Every structure is written in C-alpha cells, then in structure tokens.
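A look at the structure
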Amino acid sequence: MKETYQGPLERVNECCWRIPKSYKQGMRVPGLIFSDERLLEAVKKDQAPEQVANVAFLPGIQYASLAMPDIHWGYGFCIGGVCATDPDEGGVISPGGVGYDINCGVRLVRSNLYYQDVKPHLRQLVEELFRQVPTGVGKSGKYRFDKKELKHLLAEGSSYVVGRGLGSPGDLEYTEAGGHLDGADPDAVSDRAQTRGADQCGTLGSGNHFLEVQVVDHVFDEAAAGAMGLEKDMICVMIHSGSRGLGYQVCDDALAMLRQTPEKYGISLPDRQLACAPVNSPEGQKYIAAMRAAANFAWCNRQLLMQQAREVFGTIFGQSWQELQMNLVYDVCHNIAKFEEHEANGKRRRLWVHRKGATRAFPPNHPEIPAAYRKIGQPVIIPGDMGRASWVLAGRQGSMEQTFGTTCHGAGRAMSRTAAIKEAGGRNIAKELEARGVIARAQSRRGLAEEQPKAYKNVDEVVEVVHKAGLSAKVARMRPIGVIKG
Amino acid sequence: MYETFEHTADLGLRVRAPDLDQLFGEAAQALFSTIVDDLATVRPTQKIDVNLKGEDLGYLLFDWLNELLYRFDTEHLLFGKFEVRIENQNLHAAAWGEPFDPSRHSLAHEVKAITYHRLKVEKEKDGWLAEVIVDI
C-alpha cells in the first residue's frame, strides 16, 4: 500500500521545505522538513509528510512540526520527527512522539587499538562478541535484577549499575543527561512492563539494533575528534539498542490509558496513534514518570552491553578494558521526550521536546555538555547501515535556532522490510558483507536481509544535509568491520 | 488467510476470513508467522486461555494480539493453533503452543508491539477484513 504524498511542500532554502499551516484545517503551526532535492523525492513516496502535518495538530506545539532528513513513515509521528510543546499553553505529551522503544539510542566507545591490531583477530573477536552478548528474540540477559533491584535501576539509571561495578564513573559523565532522568517513578511502570524487562537488561534485541566494531575512516575536524579521543584507523565499538520489552510495554500501557483521553480534554486528532494528554494532567504526569523510568532502564541496558563488549575485548587482546582505554565517547538517545529550555517566540521557555528518531545536538558552551566537549559541541552519534558508514557529528548553534537543539538519528530506511527481502532474493548477505571486509553474525538470516545496506538511504547524504543546515557538523566517519545483530 | 503488506520500517498484516472467530484466529497465526520462520515447527503441547472484554472490535483485536505477544515476551511461549469465540465484542480464546526451543525453532522478527496505526476490523461483502501494523 504505497501511497505518495500529494500535499504541498514549499522550498524555504536548499535544506528546508515547508508544509504550510493552511494545508489542513486544525494545524496549529506549519511543518518543516530538512532535506535536499534528492532525498526529498524519496520522502514524497510515502505518507511521512502527512504525518508531519498531523503532528502540527497537537495542542501547545511551538514554532513548527519538524522532520529531519532521515524522515520516514512511522505510526502517528513520522520517524525523524521533532515536536516541542509548552505546558503553559496547554501543551501535551504524546507517547507516539517518543515511540515504543523509549530511549532507544547509540553509544560510541573508543580504544587504543588500531585496524592493523584487530584485523588478524577480527573473526575471533566477532564470534566471541556474538557468543557473549545476548542478541535476538527470546534471549535472556546474564544480569538478573530482583524486584527491589529493578526499582532502584529504574529510579537511578546508569549510576545504579555503575555502582555495582559494571562500568566506571566516567561512563556517567559521557552519557546524555548523565544516564539518569529525574522524576522517574518505578511505581508508574506496570508489573507487566517490569516482568517484560526483568531478564532483558543487557540484551541487544533485534530489528535494526546492533553492536559493531568500527574503524575511524576519515576525520573531518581534527580538534573535535581529538577532544573525543578519536583518530584515523582507530578501533571503536558502536552500540544501538533501547529499553527492550520494558519500554515497549510502558508505551503500550500509556496508549491504552490514553484511549479516551483526547476526548476527555477536548483534543481532536487526525490519527489514533497520536494519542496524547496535557502535560499538566494526571495522565500526562503518569506517562512522564514511567517514560523517564524506561529511559533509565535503556541507559542501564546500553551500559551493560558496553561492559560485555569491553570484557570480550579484554579476553581477546589479553588486557583489561582500562588498559585498552575503551572509554565511552558519548551516549545519545534518539527516542525521547525531555523538558528543556529553549527560545520560542522571542521568550526563553521550558518546553517538552519530543524526539522520535532524532538526536539532541546542543551547540558549544551549552551547560548540559561535559566539560571536555564544551568547546566543540555535543557529540552526536549517527549509525548508518552495516555495509557503509556511521558518523560522529558535533552539535551546532543552528540547531538551537531551527530545531530545538536537534539533528538526525541515522540513515533512515529506503526500503520496507518486505521489499528488502524481495530485493535480497535469497542472496547470502553475510557473504556479500564479507567481500566488503565486514564480518557479520546474526541470529536470523531474514533479519540480515531486511537490514542489508541497500535497505537504507546513504547515511552520508543525510549527514550532508544536517551539516549544511548548521544543525551539527561532521567530525569523523567510521566504517564497520564487525557486526553482531539479532 | 493472511498476507503481509509494506510499511517502511515495520510490517503490516492483512487478514481475511469468513467470520470474526476465524478472523481473530488467523490474525494470531499471522502474528506468530512474523515471529517464527516456520509456524509448522511449533507443537501444540501447552494450552492457555485468554478472555478479554472489548470496547470495539479494533481494540479487541489489538488486545488479543497484545496478550499473546506478552506471553511470548515474558514466558517465551510460541503459539501455532488458536480457537476463538467472539460474543458481544468479548473474546474467549484458547491458544496452543510450546516454549521457544532454539534447536527446533528459528525466529524471524522481534515484534516490539502491536500498533494502533491504521488498525482496522471491517465487514466486507463476503466476510471480514483486519489490518494491523506491528512494530519491528
């Protein structure tokens, strides 16, 4: 059911297109899509722009319903969507604006190893990562938390697992928000959600989640890369995962809770999946408290995944991870809503910024950036596909002026899963990747075909747009050499 | 009978059946065909009962699939056979299956959630149609 978008798209400049407020009755603000001429052709092929317009219906929305260049069709919100609401103007919180995988995100770990050190051991390294790091469906993690421990973990975030010796205090400093959101209430997380999450902390999951061994391929900004401890040919580990079943269930519970809420508060919505509640309502507050707890869970999950990877490197290279200097460069969320200070209509205000498949990209000197990065801007980690590249960017002032401090989050799919399977036509994707110098291990061959490089847009093109638009600047490009997936 | 349809990042399930009981049973089969590569490998050694009150048929379908997904995610139970009775928008069902066994079952997708996006249960000329998009 491919449906092309037939509505208006007015060119604002070479990086931005507008859906005027007049397109649909009920839009409170215009839609703005960051893109370029080429990417825009793909954007028009599905209903993602329609979803950008629908989000503009949400009460209290400020400035514009925004979309990043990796925009694609989601449910309710598009993937790559950004929406900021003001609680003082009846602004809403929407679980659909965060997504099922609350605080899905990416972290990047550096090392003092270089490509030539790892190349001879690559197959062994990937096999061992695949053995040690739980991937795929129905896999339990190695770490068990009883009910009481899980509550602490949900309330405290990364510091809870680091406190139990699974990482170092430095890991917290280099995690967005310190790996912890205030106001998380474990009791707002249903028993069902806690049961779903109980054995999944420290598991990768499936779909587009991955753990990759990467090589720094090209450095674009020496000073920024230096501050992050990155240089050409260096080995890095990138981890992409989220809050697992716990987060999915929190979202699910919230959507069930909100089935009647829009009517109750007189909110008219063009799509059920946009369900929302005023921030200042019992329903809104309950979701926020649960969502924050799920975000804390996700940070613990990525922390434990990183720790397992560090241990595997330690085993293979016969040194501790500290000796290998496997320090966390940064960890970003790309499915989240956060209460942040921004300027809207000439006033500084606290807004609820929903980032659904979009990454925070605070500019240099922003107080929420760790001291080591204060001069260069917040590191932004952009995963690409498993054959081509991933990126590290740094936040720029343009993001505060145009996108509530936000940039893209990845390549964005170019093909649906069914189309990707058809395209693969039974080809051995693992073999093809190997011919490109990438060793890939996955639980599901089907999963590998659905996630093949061709299924994604070229991440370089997406990055080009956010760089040109001044949202975030290129720092370094990495290419994958080892991949494990669900 | 069911087929999958395209949705960029996710997967749509389209089910047709002569009556509602079969429609809900086939929708459950479609869901588990998404999770496991070959549904024929799932043996009906365990039975669970599911009873749900519905507000409307769309939500009822959603809640039914959601309950099965929850059982899979928490108890690692795969289901392959279903008997469903819909009465006054309430559901009474039995599902048969067995625990996931990696030596015999090959899993295809992690379904994160059933979504409300374009959720549809409709009477057609000669039967019923359901559409649901699952988040992968």
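Notes on the structure in this doc start here.

1. Description of the overall build of chain A
A count of helical and extended segments in chain A gives 17 helices and 19 strands. Across its three principal directions, the C-alpha atoms of chain A cover 65 × 50 × 45 Å. Scored against the burial criterion, the 486 residues of chain A give a buried share of 63%. Put simply, of all contacts in chain A between residues at least 6 apart along the chain, 77% involve residues at least 24 apart.

2. Some thoughts on the overall build of chain B
The helix and strand tally for chain B stands at two helices and eight strands. Each helix and strand of chain B, placed in order from N terminus to C terminus, yields the pattern β-β-α-β-α-β-β-β-β-β. Projected onto the principal axes, the alpha-carbon positions of chain B cover approximately 45 × 35 × 25 Å. Within chain B, the fraction of its 136 residues that count as buried is 47%. Pairs at least 24 apart in sequence give 65% of the contacts found in chain B among residues at least 6 apart.

3. Digging into the sheet that holds strand E4 (residues 65-72) of chain A
All names here are of chain A. The mixed open sheet is built from seven strands, whose spatial order is E1-E2-E3-E4-E5-E13-E12. If you trace the sheet from one side to the other, it starts and ends with strand E1 (10-13) and strand E12 (335-344), each paired once. Sheet twist, expressed as the mean angle between neighbouring strand axes with direction ignored, is 25°. Where strand E5 (residues 79-85) lies against strand E13 (residues 347-356), five bridges are found, and the strand directions are antiparallel. Opposite Gly 81, over in E13, you have Lys 356 as the bridge partner. Of the strands in this sheet, strand E3 (31-34) and E4 are in contact with helix H17 (residues 459-468), which crosses E4 at around 150°.

4. Digging into the interface of chain B and chain A
Across the contact, 27 residues belong to chain B and 36 residues belong to chain A. Every element with two or more residues in the side of chain B that touches chain A is listed here: strand E1 (2-7), helix H2 (57-75) and strand E8 (127-135) of chain B. Here the residues of the side of chain B that touches chain A are counted per class, giving twelve nonpolar, nine polar and six charged.

5. A closer look at the environment of Ile 19 of chain A
Residues and elements named next belong to chain A. Residue position: Ile 19 is located in strand E2 (residues 16-19). According to the C-beta neighbour criterion, Ile 19 is buried, with 26 such atoms within 10 Å. Note: C-alpha distance between Ile 19 and Gly 31 (twelve residues apart in sequence) is 4.7 Å. Apart from residues no more than four positions distant in its own chain, Ile 19 is found in contact with Gly 7, Pro 8, Leu 9, Pro 30, Gly 31, Pro 49, Val 52 and Ala 53.

6. A word on the packing of helix H10 (residues 244-257) of chain A against helix H12 (residues 282-317) of chain A
Residues and elements named next belong to chain A. It is at 9 Å that the axes of H10 and H12 come closest, and there the two elements cross at 170°. Relative to H12, the element H10 is oriented roughly antiparallel. Contact residues: H10 offers Arg 244, Leu 246, Gly 247, Val 250, Ala 254 and Met 257, while H12 offers Glu 283, Tyr 287, Ala 290, Met 291, Ala 294, Phe 297, Ala 298 and Asn 301.

7. A closer look at the nonpolar core
Ranked by internal contacts, the top residues of the largest apolar core, which has 215 residues, are Ala 294 of chain A together with Ala 27, Ala 28, Leu 31, Leu 61 and Leu 65 of chain B. In terms of residue count, the dominant contributor to this core is H12 of chain A (17 residues). Other than its neighbours up to four places away in sequence, Leu 65 of chain B contacts Ala 27, Ala 28, Leu 31, Ile 114 and Val 132 of chain B.

8. Examining the environment of Pro 99 of chain B
Residue and element names in this part refer to chain B. Its location among the elements puts Pro 99 in strand E5 (residues 90-99). Residue classification places Pro 99 among the partly exposed residues on the basis of 13 C-beta atoms within 10 Å. Remark: the alpha-carbon pair of Pro 99 and Arg 43, spanning 56 residues in sequence, is separated by 9.2 Å. Once you skip the residues sitting within four places of it in the chain, Pro 99 turns out to touch His 76 and Leu 77.

9. Some words on the packing of helix H1 (residues 20-35) of chain B against H2 of chain B
All names here are of chain B. Where H1 contacts H2, the axes come no closer than 10 Å and their chain directions differ by 40°. The angle between the axes of H1 and H2 places the two elements in the oblique class. You can see that H1 and H2 cross each other, and the crossing is right-handed. Two secondary-structure elements touch here, H1 through Phe 24, Ala 27, Ala 28, Leu 31 and Ile 35 and H2 through Leu 61, Trp 64, Leu 65, Leu 68 and Phe 72. Among the residues forming the contact of H1 with H2, the class breakdown is ten nonpolar, no polar and no charged.

10. Re the sheet that holds E5 of chain B
All names here are of chain B. Judged by pairing direction, the sheet is antiparallel, and its three strands sit side by side in the order E3-E5-E4 without closing on themselves. Strands at the two margins of the open sheet, each flanked by one partner only, are strand E3 (46-53) and strand E4 (77-87). Each strand axis lies, on average, 20° off the axis of its neighbour in the sheet, ignoring direction. Here E4 pairs with E5 via ten bridges, running antiparallel. Across the sheet, the residue bridging to Leu 77 is Pro 99, located in E5. Here H1 sits on the sheet in contact with E4 and E5, set at roughly 160° to E4. Lying on the sheet, H2 is in contact with E3, E4 and E5; it crosses E3 at an angle near 145°.

Rules and cut-offs
- Residues numbered from 1 in each chain as written.
- Chains lettered and ligands numbered in written order.
- Predicted model: local features only at pLDDT ≥ 70, side-chain atom pairs only at ≥ 80, totals over all residues.
- Helix = DSSP H or I, 4+ residues; strand = E, 2+ residues; numbered from the N terminus.
- Buried ≥ 20, exposed ≤ 12 C-beta atoms within 10 Å, placed from the backbone.
- Contact = placed C-beta atoms within 7 Å.
- Pairing = 2+ DSSP bridges.
- Axes fitted to C-alpha atoms, helices over the stretch in contact; angles between N-to-C directions.
- Nonpolar A, V, L, I, M, F, W, Y, C, P; charged D, E, K, R; others polar.
- Parallel < 35°, antiparallel > 145°, perpendicular 65-115°, else oblique.
- Core = buried A, V, L, I, M, F, W, Y, C linked by C-beta atoms within 7 Å.
- Left-handed = near helix turned anticlockwise from the far one by under 90°.

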